[in-house]
Structures are given as structure tokens and as C-alpha cells.
Amino acid sequence: MDKIDKSATPSPPIHCFDNSVGVIQKDLIEKLFSMRAKFPEIATIKDYYLALSYVIRDRVLHRWIHSAYTYFYQNSRTVVYLSAEYLLGPQLGNNIINLGIWDSVYRAVAELGFPLEELLDQEHDPGLGNGGLGRLAACYMDSMATLQIPAFGYGIRYEFGIFDQVIKDGWQVEITDKWLRFGNPWEIAHPERLYEVKFGGHTEAFHDEMGNFRVRWVPEHMVLGTPFDTPILGYGVENAIILRLWRAEACESFDFQAFNTGNYYKAVDQKIISENITKVLYPNDEPEVGRRLRLEQQYFFISCSLQDMMRVFFQKENNLDRLPDKFVVQLNDTHPAMSIAEMMRLLVDDYDLDWERAWNITTRLFAYTNHTLLPEALETWSVPLFSRLLPRHIEIINEINCRFLGEVCRRYPGDQERMARMSLIGESNEKQVRMANLACVGSHSINGVAALHTDLLKQTVLKDFYEFWPAKFSNKTNGVTPRRFMALSNPGLSDLISQAIGDGWIRDLDQLIGLEPFAEDSMFRTRWAAVKHQCKVLLADMILKETGIEVDPVTLFDIQVKRIHEYKRQHLNVLNIITQYRRIKQGMDMDVPARTFIFGGKAAPGYDLAKRIIRLINGVAEVVNHDPDINGRIKVVFYPDFNVKNAQRIYPAADLSEQISTAGKEASGTGNMKFALNGALTIGTLDGANVEIREAVGPENFFLFGLTADQVPAMKQSGYRPLDYYEGNAELRAVIDMIAGGAFSRGDAGMFAPLVDSLLYKDKFMVLADYAAYVECQEQVGTAFAEPDQWLRMSILNLARMGKFSSDRSIAEYCRDIWHVDPVPVIMPATDCETE
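Everything numeric in this text was worked out from a predicted model, so none of it was measured.

Novice: Outline the overall build of the chain, listing residues and values.
Specialist: Broken down by element type, the chain carries 34 helices and 23 strands. The dimensions of the chain, computed from C-alpha atoms along their principal axes, are 90 × 75 × 65 Å. Counting the 836 residues in the chain, one finds 60% classified as buried. A sequence separation of at least 24 residues applies to 77% of the contacts in the chain between residues at least 6 apart. In the form shown here, the chain has an accessible surface area of approximately 32400 Å², with 52% of it arising from carbon and sulfur atoms.

What follows is the structure in C-alpha cells.
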């Protein structure tokens, strides 16, 4: 392929953006005209939000164009980040922060009669993820841009994201997330750039004109993938990168012949069937049709992404052996692991490479991040389903497996059990394709996301692969972006920190250590407390508006917000609340600080026990909040529809962060980091990144309880019997009996029977075993909070020592150890614009 003559190609046009207050106002009014067809007198607040978004988008795109130009002409080594989830959060505020024009925009819209906060509140939170995995991907995109790393993020443009949650009669009810109802001002559609994606059919073997064995895939049907690009800005730099999300479309969306014969539904059959692929995040995969759709989603997005990556590669290169020099592809968990087989299909079938050369390229290209220690969460697909949908890929996976098991056999002759465990195909019951095994075999790097998690991977679920390839394994502890979760979400605290140590910490979180001496400054502690109180007032207002529950900001805000799951143990928290409730009713613990317990999080629609935990929280709230004997000493709140947007008001208001998962079950967690970076102290187990947080902040500033990751399996192996704890602890027994007897279900003794039975006869996540230690630790929390000055010292020191937990540090480690990618600064040409 002929290369482009750089000297004949002009640089991108330079547009001068004046970011003065007056010019921003002028641009905003122009966008009302040109993008909303409104004049100010009739424009709604939604119109003003969209107009401001387009004003900001113009400035963002200017940086992206210059970044793309720089990366293109330097032929920069580039990260390709594949993730099925991206929980970006609202973009307007984050982009204003990263552009460095917050003050100008704030004044511009205020003078037009709109507080910036009200405009920001108009933006819908795109729910393109289920939890921590998607939010981590978004933090990493922010950090790659900030660290000036050339990168593409690829994913799926779900028409409907994770459901919006409402609470009716105490139960979770799922409603459609219509995040695109008013359009998305941040994305740029590229309908001219379509990729065909094949499904089903059969394969045909043949020999080419050179006599080489080849295989062609004859699909049953195809769909088209259309890209939608969202620029992601770096902070304090001119760089931007692209998040490219794919929408599925039919090759032919309307059948005129069917329509003309009166079959109106058949006329749009292909459109509906094709578009279903990107219709909803994670369809229910209990029925076979749901499993098929989820597999179609995964293959659709990785096929489009790799085809696009190859298009970019051939713009400047024609030697496929250089593909791993140009790109490194990071698999964010197992959802995109099929890309290994797809890469082999492209290289062998489409580009006619021999197997060994293609495999060498593929294994140099991919790296794999594991995010789970739960064996049941390691993704598998039934071989019959996989074969029907992707007949060529099952052949490729079988070939990879055959060659790989030959290596295992040579290393461990006669060890059939090891071969069975490491095989890409599980043989127990129905044959399964093991995606984690495929990711391990086809990647040059495998990493966990916290030190404990990585150690446990080596000892448990990936033990065989670690013994086979120890050099592949490393740890990359997760991190979070301080731009969104401090500078944007907690401006009061951010300003206080910057006044004390300067604002360099926003790009270099290690600078927070400079706050340590201020822990002994009484004036600084007073200002710290005032900032925290104001955050609590704001959250209290949100709670009153959303739930009707009035809470006192002076009380200890004890918060647990995360996905509802038994291993995260929200029900352990509830058991303690009921314990404290009983004690107050009995006239005990009257001198402990008043406390507001705040919960938030979504349960998977098919996860019955998780939904019952939500109902239990609301049942306890109904009783406790209306009991005159309690007199406000305890309040319980379930804040509905926890998402990134709500999180930005919840994290800053927390006094205590609940990180109480069963030790050895949480891979890392990032909520623990967000809370701590907003001045909350942590109560938690030695699980996930809690271990490293405790090491960083000091054990004296962390409320530790519970069994360790070693003690949990040891206790289970010795014959753990939860009934022994129920029978041996009178207080626990009374609490369980209240739940079982209907005290929190309006007399319905059967409502929580499945939950009670699970605790008493299974207790897979050791709730009863940790109950007494948790209650005792909570007493220590109350004692500490009763000493405000000491609590404030602990809060300041906690935050000051959290510098390690920036996503910038995480990405820098990926770049150094796995990706081998260097920063590429983007220099915007100087202009003659005058600024205010």
C-alpha cells in the first residue's frame, strides 16, 4: 500500500476559541439557534444544557483533531482497550474541568440566569455498564488521555443501558434506561464507516492456487456495525483520545416486497433482529435465546473493533508482522476474549498467513486483565451454541487447544487432570468454551487488579496457568480518576486542598502527602469539617427530595453504595443496624453518636436474594425511622438508582465507608478509593484493595474486622456450621428471629425466609461468622466519631496517604510493564486569540 506524502498534506485548520465569558455566552446563543432552533425567550433549560454542551464539544473536538493528526503522522504505538462496559458518567462538567475553563463557563451561564449546577443536572447518566468494571474502564480512558497515551477505547453503544431503579413498596422495580431520549451531544456518528459481521452458517475447506489449505466461512446472515465516537479529554494537556462504540444495523433494513404484499411486520424483521444485538446491556441470559444474544453482542463488538484496528494499521503500514509494534490490545475481563480467535481468523483466513506466523502476532498483541475470583463468574459458552453461531471460531479454538495441550503434555507428561483443567474446552456435563483459559493462552500478559487478588489468582482459579507461565503474571492495582471524583464532585474539598498544597495534585495524586502536617492545624481541621458538613447537607437535601426521609447532617453518615450481592454483604450491615436498634429499644448504648445508614445499589433482575436484601433494608427503614423510641438516633435510607451521577454527591458526604465483603471475594473495589479520597474513614475486611489502602493510610486510621482470605476457606474445610453462631450468640439469634418473624415485613413471616434460610443453613459468604467482630468494630467507630478532633485528624491523614490509588498510577504501570507505550504530547499551535 502506498504511503501518504506527509509534505503534501496540510495540518488541521486552526480555529481560535476565545474562552472569555462574553464569547462563551455568544457561542451558547448561537448554538441555541443552530442546534436547537430556539431563541432565548422560548428555550427550555434542557435547550440551554444542550447548547452549552455543543459549545464545549466544539472545543473538545478541536483538541481531538489535533491529537489524531499528531498520532497519525507520528505513527504512534497505540493502546486498544476492549471493554463491554463503560460507565462514563455525565460528560459536560468533566469536560469543562479538563478544558480548564470552569470559572469562565460558571460566570457565563450565571449571567444568563442559569446556575451551572442546574444545567449539569439536565444530563442523563449513560448506563453503559453494570458496575465497577465499566467505571474502571472510564477512569482508565481519562487517565490515558491525561498521561498523553495514544489510545482507542472500543465498546458497545447500548440503546438501553443498565435499568433505572425505582423502589415500590420496598422492592426494586426495573424501568428502561432511555439515556438517548434527548440525543447525545458528545458523540459523533460515522455511518460512512460500516463493518460487516458474520453469524452462523458453515465453513468450507479448500486449497488456494498455491496449494495451501484454506478455510472460508459461509455465514447464514450478517449485520453491520456503525461507529459512534466520543472524545475523551486529558486534564492539563492538549491530548484527547476516542471512545468508539458500535451500533448494530441490518444490511437491508426494509423489505419492500414483503411490505407491498401486505406483510408489514416481515418488512422490518431484519432491522429488528439486527438491532437487537445492541439494544440492551446484558440481556437476561437464563433462557437460551438470551445466551445467544449475549454471545452475539460480544462477537459483534470485537469483530467491528478488530476490523477497525486493521483499517487504521493499513493507513501507514503493510507488514503484518509489525502489527504488535503498532498496537497492544488490552482485554478488560473475559467479555472480549473471543478477539483472540477472531484475530487468528482475520490473519489466517483473510490475510492468508500461516498458523505459526499468525499465532506469533496474536500472542504478542493481546494482554488480559482478570477481574474476578469467583469460579462461577469465569465466562463459559456451551459448545453447541458457540458452534452454531461462530462455526469458524470453534474450529480455531479447537486448533489452539490442540496445540496448547500438546505443550502441557510435554511439560507435564501423564498429568491428565491438569490438562483437563487447562483445556480451553470444559468436558464436564455439556461441553463449554472457557473464555478465561482462552485469554490466558492467547495473551502475553495476565494481570490481577489488587495485590491480594493477584496472589489469589496464582493460588486458585489461574493456578495452573501461573505455574505454566509465571512470567506472564503481574499485579496492577486499580485506581480512580481524581478529576471526576474529587475536582468535579467535591469542589469545596478540592479548593481547600489546593489552597493548602497547590493544585498539582489533580494530575499527580502523590502530592496529597503534603496535607499530612495540616492534620495538626486546628484552623484547617475546622475548614475540613465545614466542607464535609456542607456535602452532607447537600446529600440530605437529595435524600429528602428522592425518598421523603429527613436526615440530620450532624449525624454520622455511614454509607454502603455498590452493586447488591451476597458477597458484598449488605445484609451484614443490616444485621448490625437491627442490633443497634434493639439496644436502643432496651435502653442500652444511649450515649453513642447518632447515625444515618445510607445504602444504594442495584440487584441483577434475576437475583432473588439480592432483591430481598433491598426489601429488607427498606423494611428496616420503615420500622426504625418511625419508631418514637429511637427519636432519630438511627435513620436508615435506601437511595434509589445508584449511578455515577448520584455517586458524585454521595461519596463526598460519607463519614464512614462500608467495605465489608467476604475476604477473598472482591477483586479490588474502587468505591473504597473514592470514599477515602473524599475524606471518609473505612470499616472493612482484608479483601481486595482494602489491604493496600490500610497499608497506605496506616492501621490506626482503618477500622478492621473479620476473617482473612486464608481463614475463610480453612473454616469452610473444617466444617463451618452457621447454625452454631446463631445458637451461640443470643443477640444474633434475636436479630435473625425478628427478621424471620416478620418484624420488618409487616408481619409476613415468609418474605425473608429464603434469605434467613440461606444464612442459617449455607452462609456461603460467612456473614454469621463475621457478625460479632463487625458489631464490635462498629462500636469502635462510634467511640472514635465521638471525638471530633481526632476523627478529623484521621480523615485528613487518610486522604493525604491515598496518592497511590489514582488511575494515573495504574495506567503508568500498564504502560511501563505491559503495553510499552510512551507518552505522545500534543502541541496546539499558538493563536492570536485574546482572552479575558
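Novice: Break down the sheet that holds strand β21 (residues 656-659) for me, citing the residues and quoting the values.
Specialist: Sheet strands pair by backbone hydrogen bonding; their relative direction is either parallel or antiparallel. Strand order in the open sheet formed by 6 strands is β20-β19-β18-β21-β22-β23, and the pairing between neighbours is parallel. The open sheet has two edge strands with one neighbour each: β20 (634-638) and β23 (702-704). The average angle at which neighbouring strand axes cross in this sheet is 20°, direction not considered. Where strand β18 (residues 556-561) meets strand β19 (residues 595-600), 6 bridges bridge the pair, whose relative direction is parallel. Following the sheet pairing, Asp-558 is matched in β19 by Phe-597. Along the sheet, helix α24 (residues 608-624) contacts β19 and β20; its crossing angle with β20, the most-contacted strand, is approximately 145°.

Novice: Describe the side chain of Lys-602, naming the residues involved and giving the relevant values.
Specialist: Tracing the sequence through the fold places Lys-602 in the loop between β19 and α24. Here the side chain of Lys-602 touches Asp-641 through a polar contact of 3.0 Å, side chain to side chain. The contacts of Lys-602, once residues within four sequence positions are left out, are Ile-162, Phe-163, Asp-164, Gln-165, Gln-172, Lys-562, Arg-563, Ile-564, Asp-641 and Phe-642.

Novice: An account of helix α12 (residues 339-350) is requested, with residue identities and associated values reported.
Specialist: In terms of burial, α12 is largely enclosed, as 11 of its 12 residues are buried. Two residues or fewer past α12, Asp-352 is found with a positive phi of approximately 60°.

Novice: Could you give an account of the sheet that holds strand β15 (residues 432-434), with specific residues and numbers?
Specialist: Taken together, 3 strands build an open sheet; the order of strands is β13-β15-β14 and the sheet is antiparallel. Only two strands of the sheet have a single neighbouring strand rather than two, namely β13 (380-382) and β14 (425-426). With 2 bridges joining them, β14 and β15 adopt antiparallel strand pairing. If you follow Ile-425 over to β15, its bridge partner there is Val-433.

Novice: Quick rundown of the side chain of Asp-142? Include the residues and the values.
Specialist: Examined against the element boundaries, Asp-142 turns out to sit in helix α6 (residues 132-146). For Asp-142, a relative accessible area of 5% puts it in the buried group. When neighbours within four sequence positions are excluded, Asp-142 is seen to be in contact with Asn-94, Asn-98, Ile-232, Leu-233, Thr-481 and Arg-483.

Novice: Describe in detail the state of the cysteines, supporting the description with residues and values.
Specialist: For the structure on display, the rule yields 0 disulfides. Considering cysteine sulfurs only, Cys-304 is the nearest to Cys-251, which forms no disulfide, with 11 Å between them. For Cys-251, a relative accessible area of 41% corresponds to the partly exposed category. Cysteine Cys-815 shares no disulfide, and the gap to the nearest cysteine sulfur, in Cys-139, comes to 16 Å. Look at Cys-815 and you get buried, because its relative accessible area is 8%.

Novice: Which residues make up a nonpolar patch on the surface, and what values go with them?
Specialist: A cluster of nonpolar side chains, contributed by Phe-33, Phe-39 and Ile-42, occupies part of the molecular surface with about 310 Å² of accessible area. Tracing the chain through its elements places Phe-39 in the loop between α1 (21-36) and α2 (45-74).

Novice: Requested: an account of the environment of Asp-164, with residues and values cited.
Specialist: Positionally, Asp-164 belongs in strand β3 (residues 164-168). Through-space distance from the C-alpha of Asp-164 to that of Asp-641 is 5.8 Å; in sequence the pair is 477 residues apart. Discounting chain neighbours no more than four positions away, the residues touching Asp-164 are His-124, Val-173, Glu-174, Ile-175, Thr-176, Asp-177, Lys-602 and Asp-641.

Novice: I'd like a rundown of the packing of α2 against helix α3 (residues 92-99), residues and numbers included.
Specialist: Packing of α2 against α3 leaves a shortest axis separation of 10 Å and a crossing angle of 45°. Relative to α3, the element α2 is oriented oblique. As α2 runs across α3, the sense of the crossing is left-handed. Contacts between α2 and α3 pair Tyr-49, Leu-52, Ser-53, Ile-56, Arg-59, Val-60 and Arg-63 from the former with Leu-92, Asn-95, Ile-96, Asn-98 and Leu-99 from the latter.

Novice: Give a description of the pairing of strand β8 (residues 213-218) that names residues and reports values.
Specialist: Side-chain direction in a regular strand flips from residue to residue, so the side chains alternate between the two faces of the sheet. Here strand β7 (residues 202-207) runs beside β8; their pairing, made up of 6 bridges, is antiparallel. Looking at β8, one finds that Phe-206 is bridged to Arg-214. Joining the antiparallel neighbours β7 and β8 is a turn of 5 residues, in which Gly-211 adopts a positive phi near 85°.

Novice: Can you break down the pairing of strand β10 (residues 240-250) residue by residue, with the values?
Specialist: In terms of burial, β10 is a largely internal element, 10 of the 11 residues being buried. What sits between the antiparallel neighbours strand β9 (residues 221-233) and β10 is a turn of 6 residues, in which Gly-236 has the positive phi angle 75°.

Novice: Describe the nonpolar core, and please don't skip the residues or the numbers.
Specialist: Taken as a class, soluble globular proteins show a tendency for nonpolar side chains to be buried jointly. Core analysis: the largest hydrophobic core is formed by 214 residues, its most contacted members being Ile-56, Met-144, Phe-300, Met-309, Met-343, Phe-703 and Trp-819. The biggest single contributor to this core is helix α10 (residues 288-316), with 13 residues. Within the second largest apolar cluster, 55 residues are counted, among which are Val-480, Ile-497, Tyr-651 and Leu-797.

Novice: Describe the pattern of salt bridges, listing the residues and the values that go with them.
Specialist: Applying the stated criterion across every chain, the model contains 58 salt bridges. Salt-bridge contacts for Asp-27 lead to Arg-59; the nearest nitrogen and oxygen are separated by 2.9 Å. In this pair, Asp-27 is assigned in helix α1 and Arg-59 in helix α2, connecting sequence segments 32 residues apart. In this structure, Asp-27 and Arg-59 share a single accessibility class: buried. Linking Lys-585 and Asp-627 is a salt bridge whose minimum nitrogen-to-oxygen distance equals 2.9 Å. In this pair, Lys-585 is assigned in helix α23 (residues 570-585) and Asp-627 in the loop between α24 and β20, connecting sequence segments 42 residues apart. For Asp-627, a relative accessible area of 11% puts it in the buried group. One continuous salt-bridge network, built from bridges that share partners, spans Asp-415, Arg-418, Arg-421, Lys-463, Asp-464 and Glu-467.

Novice: Tell me about the environment of Gln-586, and name the residues and values.
Specialist: Topologically, Gln-586 is positioned in the loop between α23 and β19. Judged by its relative accessible area of 45%, Gln-586 is partly exposed. Sequence-wise, Gln-586 and Asp-629 are 43 residues apart; in three dimensions their C-alpha atoms are separated by 9.7 Å.

Novice: Describe the environment of Asp-627, and please don't skip the residues or the numbers.
Specialist: Residues Asp-627 and Val-223, 404 residues apart in the sequence, show an inter-C-alpha distance of 59 Å. Those residues in contact with Asp-627 that lie beyond four places of it in its chain are Tyr-581 and Lys-585.

Novice: Outline the confidence of the model for the chain, supporting the account with residue identities and numerical values.
Specialist: In low-pLDDT regions, the fine details of the predicted coordinates are not to be read closely. Per-chain confidence: the chain averages 94 in pLDDT, with 95% of residues scoring 70 or above. Per-residue pLDDT stays below 50 along residues 1-9; that stretch engages in 10 contacts with residues further than four places along the chain or on separate chains.

Novice: Report on unusual backbone geometry, specifying residues and quantitative values.
Specialist: With a phi close to 60°, Asp-352 is a non-glycine residue in the positive phi region. As for its position among the elements, Asp-352 is in the loop between α12 and α13 (355-365). The partly exposed category is assigned to Asp-352, whose relative accessible area is 46%. One non-glycine residue, His-820, lies in the positive phi region at around 55°. Mapped onto the fold, His-820 is located in the segment after α34 (807-819).

Novice: Residues and numbers for the packing of helix α22 (residues 522-547) against helix α33 (residues 788-800), please.
Specialist: For the pair α22 and α33, the least separation of the axes is 10 Å and the interaxial angle reads 85°. Relative to α33, α22 is oriented roughly perpendicular. Of the residues in α33, those in contact with Phe-524, Arg-525, Trp-528 and Ala-529 of α22 are Asp-789, Leu-792, Arg-793, Ser-795, Ile-796 and Leu-799.

Novice: Provide a residue-level description of the packing of aromatic side chains, including the pertinent values.
Specialist: Per the stated rule, a full pass over the model turns up 29 aromatic pairs. With centroids separated by 5.8 Å and ring planes inclined at 80°, the aromatic side chains of Phe-199 and Tyr-299 adopt a geometry described as edge-to-face. Taken together, the residues span a long stretch of sequence, with Phe-199 in strand β6 (residues 195-199) and Tyr-299 in helix α10 at a distance of 100 residues. Looking at Tyr-299, the relative accessible area reads 1%, which means it is buried. Considering the side-chain rings of Phe-642 and Tyr-651, the 6.4 Å spacing of their centres and the 90° angle between planes classify their relative orientation as edge-to-face. Taken individually, Phe-642 and Tyr-651 each receive the classification buried, so the pair is uniform in this respect. An aromatic cluster of at least three residues, connected via ring pairs, comprises Phe-404, Tyr-412, Phe-465, Phe-468 and Trp-469. Positioned over the ring face of Phe-228 is Arg-157, at 4.0 Å from the centre of the ring. The ring of Phe-557 has Lys-536 sitting right over it, with the charged end atom 4.9 Å from the ring centre.

Conventions adopted
- Residues numbered from 1 in each chain as written.
- Predicted model: local features only at pLDDT ≥ 70, side-chain atom pairs only at ≥ 80, totals over all residues.
- Heavy atoms only, no water.
- Helix = DSSP H or I, 4+ residues; strand = E, 2+ residues; numbered from the N terminus.
- Buried < 20%, exposed > 50% of the residue type's maximum accessible area, 1.4 Å probe, protein only.
- Contact = heavy atoms within 4.5 Å.
- Areas by Shrake-Rupley, 256 points an atom, 1.4 Å probe, with all protein chains shown as cover.
- Pairing = 2+ DSSP bridges.
- Axes fitted to C-alpha atoms, helices over the stretch in contact; angles between N-to-C directions.
- Polar contact = N/O pair within 3.5 Å; in protein donor to acceptor, adjacent residues only side chain to side chain.
- Disulfide = S-S within 2.5 Å.
- Patch = residues over 30% accessible without salt bridge, like charges linked within 9 Å, V, L, I, M, F, W, Y side chains within 5 Å.
- Salt bridge = Lys/Arg side-chain N within 4 Å of Asp/Glu carboxyl O.
- Parallel < 35°, antiparallel > 145°, perpendicular 65-115°, else oblique.
- Left-handed = near helix turned anticlockwise from the far one by under 90°.
- Core = buried A, V, L, I, M, F, W, Y, C linked by side-chain atoms within 4.5 Å.
- pLDDT = per-residue confidence, 0-100.
- Phe/Tyr/Trp six-rings, centres within 6.5 Å; stacked < 30°, edge-to-face > 60°.
- Lys NZ or Arg CZ within 6 Å of the ring centre and 35° of its normal.

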